[in-house]
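Okay, here's what each chain looks like letter by letter:
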Amino acid sequence: MILSGRGVTAVLGPTNTGKTHYAIERMVAHETGIIGLPLRLLAREVYTRLVDKVGQHNVALITGEEKITPHMARFSVCTVEAMPRETRASFVAIDEVQLAGDLERGHIFTDRVLHLRGRDETLLLGAGTMKPILEQMLPGIHVIERPRLSQLFYAGSKKITRLPQRTAIVAFSADEVYAIAELIRRQRGGAAVVLGALSPRTRNAQVALYQEGDVEYLVATDAIGMGLNLDVDHVAFAQDRKFDGYQFRNLNPAELAQIAGRAGRHLRDGTFGVTGRVDPFDDELVKRIETHQFDPVKVLQWRTTRFDYSSLQSLRLSLEAAPPIAGLTRALPAVDQQALDHLSRYPDVRDLATTPERVQKLWEACALPDYRRITPAQHADLISTLYADLVKRGTVNEDFMAEQVRRADRTDGEIDTLSARIAQIRTWTYVSNRPGWLADPTHWQEKTREIEDRLSDALHERLTKRFVDRRTSVLMKRLRENAMLEAEISVNGDVFVEGHHVGQLAGFRFTLVAGTEGPDAKAVQAAAQKALALEFEARAARLHAAGNADLALGSDGTVRWLGDPVARLAASDHIMRPRVILLSDEQLTGNARDHVAARIERFVNHHIATVLKPLDDLSRAEDLQGLAKGLAFQLVENLGVLFRRDVADDVKTLDQDARASMRKHGIRFGAYHIFMPALLKPAPAELITLLWALKNDGLDKPGYGDLIPVLAAGRTSVVTDPNFERAFYKLAGFRFLGKRAVRIDILERLADLIRPLLQWKPGTPRPDGAYDGRRFTATTAMLSILGATPDDMEEILKGLGYRADSVKPEEAAAFLAAQAPAAAATETPAEAASETSDEHDADASDESEAPAATAEAPAAETAEAPAAAEAAVEGEVVEAKPVLLWRPGSRHDNQRQGGHRHGRERHQGGERQGERQDRGERRGGDRNRGQQAGERGERGERRDGGRGGRPDQGKGGRDGKPQGGNRPDRGDRNDRSAKPQQAKFEARPPRKEKPIDPDSPFAKLAALKEQLKK
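Residues numbered from 1 in each chain as written. Predicted model: local features only at pLDDT ≥ 70, side-chain atom pairs only at ≥ 80, totals over all residues. Heavy atoms only, no water.

### Regarding the overall build of the protein
In step 1: Looking only at helices and strands, the protein features 37 helices and 34 strands.
In step 2: Counting all 1014 residues of the protein, 51% fall into the buried class. (Helix = DSSP H or I, 4+ residues; strand = E, 2+ residues; numbered from the N terminus. Buried < 20%, exposed > 50% of the residue type's maximum accessible area, 1.4 Å probe, protein only.)

### A few points about the pairing of strand 2 (residues 33-37)
In step 1: Burial runs high along strand 2: 5 of the 5 residues are buried.
In step 2: Here strand 2 shows two buried faces, one formed by Gly33, Ile35 and Leu37 and the other by Ile34 and Gly36.
In step 3: Sheet analysis places strand 2 next to strand 6 (residues 91-94), joined by 4 bridges and oriented parallel. Directly across from Ile34, in strand 6, lies its bridge partner Val92. (Pairing = 2+ DSSP bridges.)

### Looking at the pairing of strand 3 (residues 59-62)
In step 1: Note that strand 3 and strand 5 (residues 75-79) share 4 bridges and pair parallel. Opposite Ile62, over in strand 5, you have Cys78 as the bridge partner.
In step 2: With 2 bridges connecting them, strand 3 and strand 4 (residues 67-68) associate as antiparallel partners. Directly across from Ile62, in strand 4, lies its bridge partner Lys67.
In step 3: Hairpin remark: strand 3 followed by strand 4, antiparallel, with 4 residues in the connecting loop.

### Quick notes on the packing of aromatic side chains
In step 1: In the structure shown here, the tally under the stated rule is 17 aromatic pairs.
In step 2: Summarising the aromatic geometry, the rings of Tyr154 and Phe272 are spaced 5.3 Å apart at their centres and angled 50° between planes, so their arrangement reads as tilted. On the criterion of sequence distance, the pair formed by Tyr154 in strand 9 (residues 152-158) and Phe272 in strand 16 (residues 270-275) is long-range, its members being 118 residues apart.
In step 3: On the accessibility criterion, Tyr154 (23% relative accessible area) is partly exposed. (Phe/Tyr/Trp six-rings, centres within 6.5 Å; stacked < 30°, edge-to-face > 60°.)

### So, the sheet that holds strand 1 (residues 8-12)
In step 1: Taken in spatial order, the 8 strands make up an open sheet running 4-3-5-2-6-7-1-8, and their pairing is mixed. Each edge of the open sheet is held by one strand with a lone partner, namely strand 4 and strand 8 (142-145).
In step 2: Strand direction decides the pairing type here: strand 6 and strand 7 (residues 121-126), joined by 4 bridges, are parallel. Note on strand 7: the bridge partner recorded for Val92 is Thr122.

### Overview of the sheet that holds strand 11 (residues 192-194)
In step 1: Ordered in space as 9-16-13-10-12-11, the 6 strands form an open sheet in which the pairing is parallel. With partners counted over all chains shown, the strands left at the sheet margins are strand 9 and strand 11, one partner each. The mean angle between the axes of side-by-side strands here comes to 20°, regardless of whether they run parallel or antiparallel.
In step 2: As paired elements, strand 9 and strand 16 share 5 bridges and run parallel to each other. Bridging from a neighbouring strand, Ser157 pairs with Val274 of strand 16.
In step 3: This element, helix 5 (residues 174-188), spans strand 10 (167-170), strand 11 and strand 12 (217-220) of the sheet and lies at about 165° to strand 12. (Axes fitted to C-alpha atoms, helices over the stretch in contact; angles between N-to-C directions. Contact = heavy atoms within 4.5 Å.)

### As for unusual backbone geometry
In step 1: Residues other than glycine seldom take positive phi values, yet Glu96 does so here, at roughly 55°.
In step 2: Structurally, Glu96 is set in the loop between strand 6 and helix 3 (106-115).
In step 3: Residues other than glycine seldom take positive phi values, yet His292 does so here, at roughly 60°.

### A few points about the side chain of Ser314
In step 1: Mapped onto the elements of the fold, Ser314 is located in helix 9 (residues 312-318).
In step 2: Note on Ser314: relative accessible area 18%, which makes it buried.
In step 3: Here Ser311 takes part through its side chain, which lies 2.8 Å from a polar atom of the side chain of Ser314. (Polar contact = N/O pair within 3.5 Å; in protein donor to acceptor, adjacent residues only side chain to side chain.)

### Overview of the nonpolar core
In step 1: If you look at the biggest cluster of nonpolar residues, it comprises 75 residues, and the most contacted ones within it are Phe508, Val559, Met576, Ile600 and Leu612.
In step 2: Take this core: its biggest share by element is 8 residues, from helix 24 (residues 682-695).
In step 3: In this structure Met576 touches Ile608, Leu612, Leu615, Asp616, Val636, Leu639 and Leu691, once residues within four positions along its chain are discounted.
In step 4: Residues Val193, Tyr309, Leu340 and Ala388 belong to the second largest nonpolar core, which totals 64 residues. (Core = buried A, V, L, I, M, F, W, Y, C linked by side-chain atoms within 4.5 Å.)

### Observations regarding the packing of helix 12 (residues 356-366) against helix 13 (residues 376-392)
In step 1: Running from amino to carboxyl end, helix 12 crosses helix 13 at an angle of 140°, the nearest separation of the two axes being 10 Å. The chirality of how helix 12 crosses helix 13 is right-handed. Every residue of helix 13 that contacts helix 12 at Arg358, Val359, Lys361, Leu362, Ala365 and Cys366 is listed here: Ile383, Tyr387, Leu390 and Val391.
In step 2: Here the contact of helix 12 with helix 13 is built from residues that sort into 8 nonpolar, no polar and 2 charged. (Left-handed = near helix turned anticlockwise from the far one by under 90°. Nonpolar A, V, L, I, M, F, W, Y, C, P; charged D, E, K, R; others polar.)

### Digging into the confidence of the model for the protein
Interpretation of this model should avoid reading the predicted coordinates in detail wherever pLDDT is low.
In step 1: Predicted confidence across the protein gives a mean pLDDT of 80, with 78% of residues reaching 70 or more.
In step 2: The weakest mean pLDDT in the protein belongs to helix 33 (residues 910-918) at 36; the strongest belongs to strand 6 at 97.
In step 3: Here residues 822-876 is modelled with pLDDT under 50, and outside its nearest four sequence neighbours on either side it reaches 147 contacts, counting other chains as well.
In step 4: Contacts of residues 894-993 to residues separated by more than four positions or lying in other chains number 161 contacts, the stretch itself having pLDDT below 50. (pLDDT = per-residue confidence, 0-100.)

### Here we look at a nonpolar patch on the surface
In step 1: On the surface, Leu103, Tyr246 and Leu332 cluster together to form a nonpolar patch covering roughly 260 Å² of accessible area.
In step 2: Mapped onto the elements of the fold, Leu332 is located in the loop between strand 18 (328-330) and helix 10 (335-343).
In step 3: Leu332 sits in the partly exposed class, given a relative accessible area of 39%. (Patch = residues over 30% accessible without salt bridge, like charges linked within 9 Å, V, L, I, M, F, W, Y side chains within 5 Å. Areas by Shrake-Rupley, 256 points an atom, 1.4 Å probe, with all protein chains shown as cover. Salt bridge = Lys/Arg side-chain N within 4 Å of Asp/Glu carboxyl O.)

### Thoughts on helix 2 (residues 40-54)
In step 1: With 15 residues, helix 2 ought to run about 21 Å at 1.5 Å a step, and its terminal C-alpha atoms sit 21 Å apart, in line with that.
In step 2: Considered for burial, the residues of helix 2 that qualify are Arg40, Leu41, Leu42, Ala43, Val46, Tyr47, Leu50, Val51 and Val54.
In step 3: Of the residues one or two after helix 2, Gly55 is the one with positive phi, at around 100°. (Expected span 1.5 Å × (residues − 1).)

The following block contains the structure:
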């Protein structure tokens, strides 16, 4: 073999001589070029620099695991293994050529150094120890020796905890690196970690952590000795022995110098030394490192490139070829050759490798790098699987590959687990970049690259979390300098000390972040509190001048200022004036605290007075006197709602003037309630519920706040929850009626519908739902306003104290037909109702309580009583449901077995027969049982209502009336014959002893009617 050095230039020298920079400048001066680098990491760095110079479309990146190849790219950046053996490029450069003497990779570098040439220029870059062997191997080579730009000095031995900043600490095992990094984290704030086993992306991220000053220390293996450009001032050796893949040995002076040479950058001098666990370097070694005097490389590792693919055995023999010239030595078996030796013993591999093409394919598969660092036999097994696919299928089985990739695609786990997954995914990244190995290489290249990047980022995050405490790093630095720590507070309340987040200020409360402990904790708190003292004063002034729009009262009783909690409400003697408790640290004192408390109290009082204005105005009313004033006081104490039965005597005693004065304050006298309609809205209801809960320790009671959304949604009724506190229904504007709760104003509308039906006089036009003037049937209008089904309606009316008489549909129809008037009436029922409605409003305490409740489902069918029996369907006769005739219940129901003669005279016992048939099948069919159940419902209602009324109402009203709220004479009328009862309705004179309220709209309607009659 005859070699020549013509056209070859060797640029040799120690680290920090600018050799790589020179090669880049020379390459861009040519039309085309290739540069080979020892590490994928360094190839990435050079690729980025070239892209900045000539543009991305002109530069290709080719490594075993990555290919970026723009069309017609002029320059290629490669790892040495990925460089072509022949090229037509004008320029070729090979970096770190001293690796030709490396036992593991040396033969690759040797081959490229001896054979790869550029058409116009070839550069070999490396250490000065390569000069003699290069001149021997390549006669005619031109050698340029470059001096180091800065000097290197020995600094002796120091403990790890006393090493200067910007130090790289070198060890040669992952366990040792991690132990040192953990020690530095505890003592000095943290360290970046660099190991050869890390992926390039993770190594870059860790180096960036150090380069950007987030940490002052770097703990690394000898991976930093090559290709990493670092701002290191000092290199400390924590170990000087390593395992080189074959044995443990001491590093030679040249290897130590390669690592120590990382200290110093450009023109800045650097130092190197050892830690306490390594013996100090002797003077001769120190001198050799400082002056860069090392033994020259005497032999280069070599392996033949003339492979014999005629058979498997021939290929193995060709790999045993001896070097053809002096200065070369046959390399030890590399990973690919070890794999081939194993595979040649596999019967299935021997059966496949029967042609030169298949033998060549096997050797190509053996080139798969062992990223996982597993045993040669395990690595050979994987290659065997891939080779079988390549031979039998033409490509690697993508189902098999997909399963392997899926197993690696997880970012959970700790450092070692993630490192193992990265090594696994790098194997498949290499496979995806081999030409012809996959049917869809682009898909797998993108997928494996994405997974590797994600795993690398996760590993970087784990390393940083474990070995870096950025806050401690910065704070300890400032404390060592005896400097006053600077604290600042952001607009959103984040508290920073020396630029690091140490806590959160919410309103007037400061909370340290978790993990603020150790030697710097007191200093951090002292610095933070100094800034907080001034901030509290400023915030107090801003809050004192803040508008009401900046403050808000939450449903939990917390007062917030610009979103931050500053106070909470507590119960006081007056339910409308809760007490304000500040939420603040001790630093808020003196006038600042007084100003904050006063401002929040003003806001709370204003908020209550605004949202509950009708109630607040009523509590301050001066135009109410006597009984009206007492009734208003009760209404305020009960937060705007009174059950009418609880104050029936007081209401009856009120004259028209007193009623008018109370109506001016928005009070409505309903059939069931004395209430203020303006409060039946979500905002007032929510505040009323809060005030009651504060007074009664109800914030934690079940159901608190759950009914306000129902009210806001416009629902008129809701299914009750037995676990809820019942008072919450009344506070939200609902009447609790057993299984359902109905909105109060809807109950009053129901009363308006029922009243004309009970006041109808037979012989006049019959309103829809009227029956005999004392009973009625549920109508579509009732179902509509309640949103109820007929079954719901039955429960609602029973819950309100009504009792049902059951008759057959045909009997009801016959009875109503007999009630048709002989002649047209002189006025319509609507007009009659209009005339009496004002009287009802004024004297509703004398009316029977017209009950109502609600269902969620809309009315699906009319509840009109007179309905014919249903027709037969498909030959089956369906029995018609009985008609329910509703009447107000009374305490005499159980005693009147022969009552209601008015109805019995028309039915002559038919009703009894129908009741006997329905007994046990329909609740309420038996009058006695229905009446007893109704009275039990009344008693239950009294218990429920007692929450908002008076405790003494448990067994009956003050006048002994049942909960139905019937007029005192109602029970007597029910026991009389129909004709006297009817006469009483007709003959009842208007109540002239009470003057008509001039403000009532019904009075104006009555006056207008009188004018029309004239």
